[in-house]
Number of protein chains: 2
Amino acid sequence: MIRALLVTTALVVAAPVAAQPAGPVLFDPVGFAAVRGAQPPLFAGELTRVKALVEAAMRAPIDVPVPKDPGGGYTHEQHKRNYTALYGAGLLYRITGDARYADYARRLLLAYAQLYPTLGPHPAKANEAAGRLFWQSLNDSVWLVYGAQGYDAIRDTLSPADRKTIDDNVFRRMAEFLSVGNAASFNRIHNHATWAAAGVGMTGYVLRDSELVARALKGTDKSGKAGFLAQVDQLFSPDGYYTEGPYYQRYALQPFVVFAAAIAANQPELGIWKRRDGVLLKAIRTTIQLTYDGYFFPLNDAMRDKSLKTDELYQAVAIGYAATQDPSFLSIAQWQGRSTLTPDGIAVARDLAAGKFKPFAFPSQLYRDGPEGTRGALAVMRSRQGDDAAQVLVAKNSAMGMGHGHFDKLNWLLYDAGKVIVTDYGAARFLNIEAKDGGRYLKENESWAKQTVAHNTLVVNESSHFDGKWKLGEEHAPRQLFFAGDAPTKVSTAEMTGAYPGVTFRRTLVQLPLGKGSPLVLDLLRAKGDKPATYDLPLHYAGHIIEVGFPAKSNTAARPVLGAANGYQHIWVDVVGTAGAEGAALTWINGGRFYTYRMLPPEGAMLYLGETGANDPRFNLRREPLLLQRVAGKADVTFVSLLEPHGAYDPAAETTVASQSQVQALRHVRGSDGDLVLVQPRTGAPVIIAIADDTDPNKTHSAMIDGRTIRWTGHFAHIGGDAK
Amino acid sequence: MIRALLVTTALVVAAPVAAQPAGPVLFDPVGFAAVRGAQPPLFAGELTRVKALVEAAMRAPIDVPVPKDPGGGYTHEQHKRNYTALYGAGLLYRITGDARYADYARRLLLAYAQLYPTLGPHPAKANEAAGRLFWQSLNDSVWLVYGAQGYDAIRDTLSPADRKTIDDNVFRRMAEFLSVGNAASFNRIHNHATWAAAGVGMTGYVLRDSELVARALKGTDKSGKAGFLAQVDQLFSPDGYYTEGPYYQRYALQPFVVFAAAIAANQPELGIWKRRDGVLLKAIRTTIQLTYDGYFFPLNDAMRDKSLKTDELYQAVAIGYAATQDPSFLSIAQWQGRSTLTPDGIAVARDLAAGKFKPFAFPSQLYRDGPEGTRGALAVMRSRQGDDAAQVLVAKNSAMGMGHGHFDKLNWLLYDAGKVIVTDYGAARFLNIEAKDGGRYLKENESWAKQTVAHNTLVVNESSHFDGKWKLGEEHAPRQLFFAGDAPTKVSTAEMTGAYPGVTFRRTLVQLPLGKGSPLVLDLLRAKGDKPATYDLPLHYAGHIIEVGFPAKSNTAARPVLGAANGYQHIWVDVVGTAGAEGAALTWINGGRFYTYRMLPPEGAMLYLGETGANDPRFNLRREPLLLQRVAGKADVTFVSLLEPHGAYDPAAETTVASQSQVQALRHVRGSDGDLVLVQPRTGAPVIIAIADDTDPNKTHSAMIDGRTIRWTGHFAHIGGDAK
């Protein structure tokens, strides 16, 4: 009946239909029964955790304070505690059948029914759209997402009078406020609007109010120009990549999958999981893919310590498993050691305990950016599958990613042997730590973390990409020209135009197996400018320097600062050096392995070794080492670099092998229509990498090196050595 | 028969007795049988490891090169590989009965029998006593310790002719060379001489040569002034503490326990395990005690990454278990995940698999230094027993510890929640890493790591204790005046005279429980000088600064160096500040917890925040933060400091609690004959710590604070709060 009603979401049904059944529409009641008796470990753990939380709330008097404080303040935290307790109480009631939980939810909601109608805009409202319970409406939306689910679980236990009071004075009012009452935010194509749509839409299902559902799906005018479906269509790429990057993809994912599950349950005919070739399921898998050892690649504004062990992913994994029955989700849940108390989470706990899990595959893969997949990409190259110690090379060729994006076009990261080797600073922020600007983004996030020099990519004239203006950055995306992820030798080539006026730069990154060890990483970066400029190529590495392989002058008496602005003011200079004809090298150790970074910078290049932390009076920045190659007064430049993992250091056995580079020489020649790079190992045949300017797979090219003529077909070729 | 002969070790028996049985005297053959059939995991692991190593050696041709290279060079490493393979082959022969192993050992030893008689002093000999196979005789001793054991295991398989050749041309010659041929080193009271004694003595048992045994036990003149027994009597304190510190105690331990086990087997009447109230067994246990989470306290010259997972400790744990049957050794073996292939190690593997292990107790304890236990002590205060997350406070009140000792009298370290919080740099060395001076101690070990300012203790006039002269340091040891380790509140008081002319300083460190969390650490340091001086008190902490709690001027344009010598030349200065009447504070975060260091420095004190790494052109030093309190122009000073662990940061749950100090105030008053320190928590009653100058447990004292007269008896009292 409800279904029939909702099929035609276009027609407006203003008032709720009073006579309808009140049972749950967001959870399948049968699903809760799945674990009566037997309690699989994950479920038992969640039950204990949520019971402790809810019982504690139930012991305290109902506390629904008049909103007053901004984020972190008392009333803010209390309203958060309330929706968490409401949500938990609802689930506990369904699982245990204990009426105390339902009654607590009732009393809590009746208190909100008293307070809510009296509220105007939040007194602490700031720039963001103001909420009523919270300083920003985003938090009100989150309240509604959790609240609607908690309410759904107990609504059928209420007297008609209580139910009407709560329906009308809490949920319908909140949904009205967050939709028509807040239309500008509600109709945006932005993840904040997704939270609002999810809250309003789920409320619609719970109240059997098809008008609310229609607004949620298609925007306040129900034209479909806004609303959840438009967000699904526009906020993810065809590969399920969310443009802000992995850290915010994790955060944005929750309202998408939670509401999608509700839609699938109540309007299966919309085929939400199939929409855009299953983009929402791709989004769940892609979120999991963009990690190393469970930790998200810290691209754009991101906390480095954020892993798959987070509420959004407990939800997403449970919902993804319910929607697909893909057993590889179970191995992720196993790594998380957590699940949810929803029927979906209960199924995860049960099937994991039953040993149904399969390993989650981590292939080398390209994740295109942009709604049509045309705004660059994230290229992820993995030396091995599902192995924590595998090497992962990430080429960040994605688009700006809105206001949390960094000015780091064609940046790269490297993980090896379980450690971060070539790093991204992530965000300058101490989440939830009051003494650090209340846990908000620090000004060093603008002055350092977002700046180009804080990344491993090209800087022109000590200024950042797009002159540090993200809206300008939205107008120019990189182009992913080539990607090969199937053979042992993996390749990504991308090009960027518009980061700097008159400058185009192109970068090829190669994950190059050589011998038995971890692959080498070859980096060919070519820039063409319309006038002479200063080109800097920084490398942010993690480890302790073992050997400085170039003539260097060290700053001993005092340590100067590298520059004045755009991040340069935060760099202490330890060493200034030069590269010879043979190039230069730097060797460091990280954990049990050595890394040698071998450079063939443009002629006349200077080399700097430095450390972050200058002009940082409040110690807001981590102190991290960096290397910078600089060449001045040239229009066109080519940087060729090779990063080589080698050797082993074992403190227990007191043994060290191959602490010195196993590469004897690195050479580069520019041909007529491409580049050749020769890697000569200490033992064995040289390896030649050929990279054509053209990406046509059928065009043939040739160039000479060491008196040898090399001919190849297509954009890329790997010649000699144990060619792969 | 052999026993009877050896009882009278004094009488000289020049030639070996030919007619004796040739079976093993260092290993009980029966012990090897213990695992025939069943293979407990630890044993199986060792068997696989040693088989792989020995089989590889057996596949290669016998390689006994003419000695040429110094440490790390080819001939050096090859002779090391040979004794390892010889030792392994002997054990494998006994375990498997496979004659191939015995034959390999025979062929290898016959090659040595060819080479060894031809050798003179090693061509690469340096300052250390020259060896013949190796550049220093120490390595020759180690060869003999392993070689004698390997030989013992297979000697009864040899023809009389081969046996005589190897007896005479390898082992007897080596033993002669290392004893009478090298008398000066052999007769030292030093762990190098212990290796020699062990090698010579074990050879004596294997060859049934009582003369060699006698030299090993009592020195070349057999007077007992030198030799193993004298070393046992003089190199360990009555608590089994080895004066060089934990890192070298680990290293020194092996020849002691290996030779002791041989003595116990062949001359039980010497009661070697009972000698000095069982000091060798205490030494094994003390070595294990001086760790946190399995890692040795990095006192004096020490590598921070050295843990109980090391060959010396696999041996020591096996031998200790065999000698005592104490099941708590088994839990250490379990943590190590390793054992040995000796009968002792086999018993460990078997009993561990049988579940006989008990937890190893880690009490708070005083480890006295010096042969009579009168040369200071190491005070170890643990907040809980056998808990990796417990807090451990280490007061380093021990003596100089010879040439590897640091100038750090009354230094302290702190571990909390599984992390190092107040640090010791350890040694400036990259063990076995060729590019770092061949893995030897770096010059920064002298210029930084050993210097006083590199530690958490008092520096006078920017010079180091004993003016940086360790031989002078040997003349002055601290006095441990008081230790209380049984109550929840733990206390150590020690005094140092002679570190600086005319200056005496005394330090009380208190591990002070307050509320539910980890204990606080109160530090009262008083110095009395005969003239005005500059007093510095550094704190080397690990973590990221959250809040600088004092007026501070930051170095932005350039970063100056703190001083010119004695370690000060390695310190960059970030911030210079001052302390107010209320004192000063610094808060940092490390892992999931916050730490606030609250200071009441002497009036007019300056505060410095800095980082190591200045004047370090080769990047030999780790970059680590430090805080330094400085007061100039005073003769007598008192530094009162309180380190407070607080709060919790959980990145997964995105929650933070108590990121700010829970202490409201810290006050100090000096009474007529003691000090009072008042700690006022934000909530709850103040805690008053009373410390009398006198350590007499019966004397009563009184002093006034906040208008309150405090009376107490004995050196220390804890008044108020939840007094413990």
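Residues numbered from 1 in each chain as written. Chains lettered and ligands numbered in written order. Predicted model: local features only at pLDDT ≥ 70, side-chain atom pairs only at ≥ 80, totals over all residues. Heavy atoms only, no water.

**Observations concerning the overall build of chain A**
We apply this condition: Strands are runs of DSSP state E lasting at least 2 residues, helices are runs of H or I lasting at least 4, and numbering of each runs from the N terminus. Just to be clear, the radius of gyration here is over C-alpha atoms, and the globule rule we use is 2.2 Å times residues to the power 0.38. Per-residue and other accessible areas were derived by the Shrake-Rupley procedure at a 1.4 Å probe size, with only the shown protein chains allowed to occlude residues. Under the convention used here, Asp and Glu are negative, Lys and Arg are positive, and both His and the chain ends fall outside the count. We put the charge of a Lys on NZ, of an Arg on CZ, of an Asp on CG and of a Glu on CD.
Assigned secondary structure in chain A consists of 18 helices and 28 strands. Its C-alpha radius of gyration of 28 Å places chain A within 12% of the 27 Å reference for a compact globule of 724 residues. When the backbone C-alpha atoms are referred to their principal axes, chain A occupies close to 90 × 55 × 50 Å. Put simply, chain A shows about 25000 Å² of open surface, and 54% of that area lies on carbon and sulfur atoms. Once the 76 positive and 70 negative side-chain charges of chain A are each reduced to a mean point, those two points are 3 Å apart.

**Quick word on the interface of chain B and chain A**
Applicable threshold: Only heavy atoms matter for contacts: two residues are in contact if any of them lie within 4.5 Å across the pair. Buried surface area refers to the total accessible area, computed with a probe of radius 1.4 Å, that the two partners give up upon joining, counted for both partners together. Should a side-chain nitrogen of Lys or Arg be within 4 Å of a carboxyl oxygen of Asp or Glu, the pair is scored as a salt bridge. Whenever a nitrogen or oxygen atom comes within 3.5 Å of another N or O atom, the pair is scored as a polar contact, on the condition that within protein one atom can donate a hydrogen and the other can accept it, and that pairs from neighbouring residues in sequence are kept only if both atoms are in side chains. Ten residue types, Ala, Val, Leu, Ile, Met, Phe, Trp, Tyr, Cys and Pro, are classed as nonpolar, four, Asp, Glu, Lys and Arg, as charged, and the remainder, Gly among them, as polar.
The interface of chain B with chain A comprises 48 residues on the first partner and 49 residues on the second. In total, chain B and chain A occlude about 3800 Å² of area from one another, counting both sides; carbon and sulfur atoms represent 54% of this. Interface area lost by chain B to chain A is led by B:His544, B:Phe619 and B:Glu654, which between them contribute 16%. Across the contact surface, chain B and chain A share eight salt bridges. Between A:Asp574 and B:Arg623 there is a salt bridge; the shortest N-O distance is 3.6 Å. At the boundary of chain B and chain A, one finds 15 residue pairs in polar contact (both at pLDDT 80 or more). Per-element tally for the side of chain B that touches chain A: the top contributor is strand S13 (residues 544–549) of chain B, with five residues. Among the residues making up the side of chain B that touches chain A, the classes are represented as 23 nonpolar, 12 polar and 13 charged.

**Regarding the relation of the copies chain B and chain A**
Mapping one chain copy onto the other needs a rotation about an axis and a shift along that axis. As a reminder, the rule being used: The copies were overlaid with a least-squares fit restricted to C-alpha atoms from residues scoring a pLDDT of at least 70 in each copy.
Once turned by 180° and shifted 0.0 Å along the axis, chain B lies on chain A with an RMSD of 0.1 Å. Such a combination of turn and shift is consistent with a two-fold rotation axis. Considering only C-alpha atoms, the part of chain B nearest the rotation axis is B:Arg559, at 2.4 Å. Taken together, the interface assignments show that 100% of the residues at the interface of chain B recur at the interface of chain A, consistent with an identical surface on both copies.

**Side note on the UniProt feature "domain: Alginate lyase" (unreviewed entry) in chain A**
The test is simple: UniProt positions are given in the numbering used here, feature names are shortened, and annotations may be inferred rather than shown by experiment.
When the UniProt feature table is mapped onto this chain, "domain: Alginate lyase" (unreviewed entry) is found at residues 60–289 of chain A. With 66% helix and 0% strand, the stretch residues 60–289 of chain A has end C-alpha atoms that lie 42 Å from each other.

**Considering the confidence of the model for chain A**
We count it as follows: Here pLDDT means the predictor's own confidence in every residue, given as a number from 0 to 100.
Here chain A averages 94 in pLDDT, and 96% of its residues register 70 or above. What the predictor reports for the complex is a pTM of 0.93 with an ipTM of 0.91.

**Focus on the pattern of salt bridges**
Opposite charge on two side chains makes pairing possible when the charged atoms of those side chains draw close. Residue and element names in this part refer to chain B. Defined as follows: Think of it in three bands: with a 1.4 Å probe and only protein chains considered, a residue is buried below 20% of the maximum accessible area for its type, exposed above 50%, and partly exposed in between.
In the structure shown here, the tally under the stated rule is 102 salt bridges over all chains. Glutamate 211 is the salt-bridge partner of arginine 215, the closest N and O atoms lying 2.8 Å from each other. Placement of the pair is arginine 215 and glutamate 211 together in helix H10 (residues 210–218), with a separation of four residues, close to one helical turn. When the shortest N-O distance is used, the salt bridge between arginine 526 and aspartate 693 registers 3.1 Å. Here arginine 526, found in strand S12 (residues 520–540), pairs with aspartate 693, found in the loop between strand S25 (687–692) and strand S26 (700–705); they are 167 residues apart in sequence, far enough to count as distant. With a relative accessible area of 14%, arginine 526 lands in the buried category.

**A look at the sheet that holds strand S6 (residues 411–416) of chain A**
Residues and elements named next belong to chain A. Inclusion rule: Any two strands are treated as partners once DSSP identifies two or more bridges connecting them. Structural elements are reduced to axes, namely lines fitted to C-alpha atoms, with helices fitted over the stretch in contact, and the angle between N-to-C directions of any two is expressed from 0 to 180 degrees.
Read across the open sheet, the five strands follow the order S3-S4-S5-S6-S7; overall the sheet is antiparallel. With one partner strand each, in any of the chains shown, strand S3 (365–368) and strand S7 (419–422) form the two edges of the open sheet. Here the average twist between neighbouring strands, direction ignored, is 20°.

**Observations concerning the UniProt feature "domain: Exo-oligoalginate lyase C-terminal" (unreviewed entry) in chain A**
Here the UniProt feature "domain: Exo-oligoalginate lyase C-terminal" (unreviewed entry) sits at residues 684–717 of chain A. This span, residues 684–717 of chain A, is 0% helix and 59% strand, and a straight line between its end C-alpha atoms measures 19 Å.

**Considerations on the pairing of strand S20 (residues 625–646) of chain B**
Residue and element names in this part refer to chain B. When S12 meets S20, the two strands line up antiparallel, connected through 15 bridges. The residue of S20 that forms the bridge with leucine 525 is phenylalanine 639. As judged from the seven bridges shared by strand S18 (residues 593–600) and S20, these two strands associate in the antiparallel manner. Residue pairing across strands places arginine 598 opposite leucine 642, the latter belonging to S20. In the sheet, strand S19 (residues 606–612) pairs with S20 via six bridges, with the strands oriented antiparallel. Among the inter-strand pairings, leucine 609 is bridged to a residue of S20, identified as leucine 627.

**Quick look at the side chain of A:His406**
Residues and elements named next belong to chain A. Checked against the element boundaries, histidine 406 lands in the loop between strand S5 (392–398) and S6. Under the relative-accessibility criterion, histidine 406 is labelled buried at 0%. A distance of 3.1 Å separates the side chain of histidine 406 from the side chain of histidine 455, its partner in a polar contact.

**A closer look at the packing of helix H6 (residues 137–154) of chain A against helix H7 (residues 160–178) of chain A**
Two quantities define a packed helix pair, namely the angle between the axes and the distance from one axis to the other. All names here are of chain A. Operational definition: Helix crossings are classified by the rotation of the near helix relative to the far one: an anticlockwise turn of less than a right angle makes the crossing left-handed, while a clockwise turn makes it right-handed.
The geometry of H6 relative to H7 is characterised by a closest axis approach of 10 Å and an angle of 145° between their N-to-C directions. Like other packed secondary-structure pairs, H6 and H7 cross with a definite hand, here left-handed. Contacts from Ser137, Asp140, Ser141, Trp143, Leu144, Gly147, Ala148 and Tyr151 in H6 reach Arg163, Ile166, Asp167, Val170, Phe171, Met174, Ala175, Phe177 and Leu178 in H7. For the contact of H6 with H7, the per-class residue count stands at 11 nonpolar, three polar and three charged.

**Quick notes on the pairing of strand S6 (residues 411–416) of chain B**
Residue and element names in this part refer to chain B. Across the six residues that make up S6, a large majority, six, are buried. Alignment of S6 against strand S7 (residues 419–422), held across three bridges, turns out to be antiparallel. Following the sheet pairing, leucine 414 is matched in S7 by valine 422. Between S6 and S7, which follow one another and run antiparallel, lie two residues, and alanine 417 among them has a positive phi close to 50°.

**What about the environment of A:Trp412?**
All names here are of chain A. The residue tryptophan 412 is located in strand S6 in this model. Measuring from C-alpha to C-alpha, the distance between tryptophan 412 and aspartate 424 comes to 8.3 Å, with 12 residues separating the pair along the chain. If near-sequence neighbours (up to four positions away) are discounted, tryptophan 412 is found in contact with Leu393, Val394, Val422, Asn456, Arg507, Leu509, Val521, Asp523, Leu539 and Leu643.

**What to know about the packing of helix H11 (residues 228–235) of chain B against helix H12 (residues 246–266) of chain B**
All names here are of chain B. What counts is decided by this rule: Roughly parallel covers angles under 35 degrees, roughly antiparallel covers those over 145, roughly perpendicular covers 65 to 115, and oblique covers all other angles.
Contact geometry for H11 and H12: axes closest at 12 Å, N-to-C directions at 130°. Between H11 and H12, the interaxial angle falls into the category oblique. Between H11 and H12 lies a crossing of left-handed hand. Contacts between H11 and H12 involve Phe228, Gln231, Val232 and Leu235 on the former and, on the latter, Pro255, Phe256, Phe259, Ala260 and Ile263. Considered class by class, the residues forming the contact of H11 with H12 number eight nonpolar, one polar and no charged.

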